[in-house]
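Topology and contacts: notes
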Amino acid sequence: MQTKDDNNSPLNIELSEEIAEGQYSNLVMIAHSGSEFIFDFIQVMPGLPKAKVKSRLILTPDHAKRLLGALQENIDRYESTFSRIKLHDEETTFPTNFGGTIGEA
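Before going into details, it helps to say that this report is about the structure given with it. (Residues numbered from 1 in each chain as written. Predicted model: local features only at pLDDT ≥ 70, side-chain atom pairs only at ≥ 80, totals over all residues. Heavy atoms only, no water.)

**Here we look at the overall build of the protein**
Scanning the protein from N- to C-terminus turns up two helices and five strands. The N-to-C order of helical and strand elements in the protein reads β-β-α-β-β-β-α. The buried share among the 105 residues of the protein stands at 6%. Residue pairs at least 24 apart in sequence account for 28% of intrachain contacts in the protein once pairs closer than 6 positions are excluded. Accessible surface, the protein: about 9,500 Å² in total, of which carbon and sulfur atoms supply 55%. (Helix = DSSP H or I, 4+ residues; strand = E, 2+ residues; numbered from the N terminus. Buried < 20%, exposed > 50% of the residue type's maximum accessible area, 1.4 Å probe, protein only. Contact = heavy atoms within 4.5 Å. Areas by Shrake-Rupley, 256 points an atom, 1.4 Å probe, with all protein chains shown as cover.)

Here you go:
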């Protein structure tokens, strides 16, 4: 994959097979300091009291704001192509059992 940086010179970006597979995340926790934003992408499994951080991204404030703009632009494109994304749950707490029954092993 090639893209151009701010100086208009080509930037060669390598994407390994492992990274290309991606990580599933259904929860993100965001923290910040004066110099960085930290995004912990977490996978929560139904009925389990423990969740695992699958990936952590650390961004500068200006890159975090660029990410916000890029995400909003992509959500707008998605919604204009498919339909408005409806949030199913406006709760402020995250249900650890996803509203279903808790399984037993």
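After presenting the structure, the write-up continues.
**Focus on a nonpolar patch on the surface**
A cluster of nonpolar residues, Tyr78, Phe82, Ile85 and Leu87, forms a patch on the protein surface that exposes about 450 Å² of accessible area. Mapped onto the fold, Tyr78 is located in helix α2 (residues 61-81). Taking the relative accessible area as the measure of exposure, Tyr78 reaches 41% and is therefore partly exposed. (Patch = residues over 30% accessible without salt bridge, like charges linked within 9 Å, V, L, I, M, F, W, Y side chains within 5 Å. Salt bridge = Lys/Arg side-chain N within 4 Å of Asp/Glu carboxyl O.)

**Regarding the pattern of salt bridges**
A side chain with one charge may pair with a side chain of the opposite charge, provided their charged atoms come close. For the structure shown, the criterion picks out three salt bridges. Here Asp62 makes a salt bridge to Arg66, at a shortest N to O gap of 3.5 Å. Of this pair, Asp62 and Arg66 both sit in helix α2, four residues apart, which is roughly one turn of that helix.

**Brief notes about the sheet that holds strand β4 (residues 37-43)**
Across the sheet, which stays open at both edges, the three strands sit in the order β3-β4-β5 with antiparallel pairing between neighbours. One side of each edge strand has no neighbouring strand; the edge strands of this open sheet are β3 (27-32) and β5 (52-59). Each neighbouring strand pair of the sheet contributes to a mean axis angle of 20°, computed without reference to strand direction. Note that β3 and β4 share six bridges and pair antiparallel. Each residue of the ladder has a partner; that of Ala31, found in β4, is Ile38. (Pairing = 2+ DSSP bridges. Axes fitted to C-alpha atoms, helices over the stretch in contact; angles between N-to-C directions.)

**Overview of the pairing of β4**
Each regular strand carries side chains that alternate between the two faces of the sheet. The antiparallel hairpin formed by β3 and β4 contains four residues in its connecting segment. When β4 meets β5, the two strands line up antiparallel, connected through seven bridges. From the neighbouring strand, Phe39 faces β5, where its bridge partner is Leu57.

**Describing the packing of aromatic side chains**
Throughout the structure, instances matching the rule amount to two aromatic pairs. Relative to Phe41, the ring of Phe39 lies with its centre 6.5 Å away and its plane at 15°, an arrangement referred to as stacked. Residues Tyr78 and Phe82 carry aromatic rings whose centres are separated by 4.7 Å and whose planes lie at 40° to one another, so their mutual orientation is tilted. Overall, Phe82 belongs to the exposed group, its relative accessible area being 59%. (Phe/Tyr/Trp six-rings, centres within 6.5 Å; stacked < 30°, edge-to-face > 60°.)

**Topic: the side chain of Asp40**
Here Asp40 shows up in strand β4. The exposure class of Asp40 is buried, given its relative accessible area of 14%. A polar atom in the side chain of Asp40 sits 2.6 Å from the side chain of Arg56. Every residue in contact with Asp40, bar those within four places of it in the chain, is listed here: Leu27, Val28, Met29, Val53, Ser55 and Arg56. (Polar contact = N/O pair within 3.5 Å; in protein donor to acceptor, adjacent residues only side chain to side chain.)

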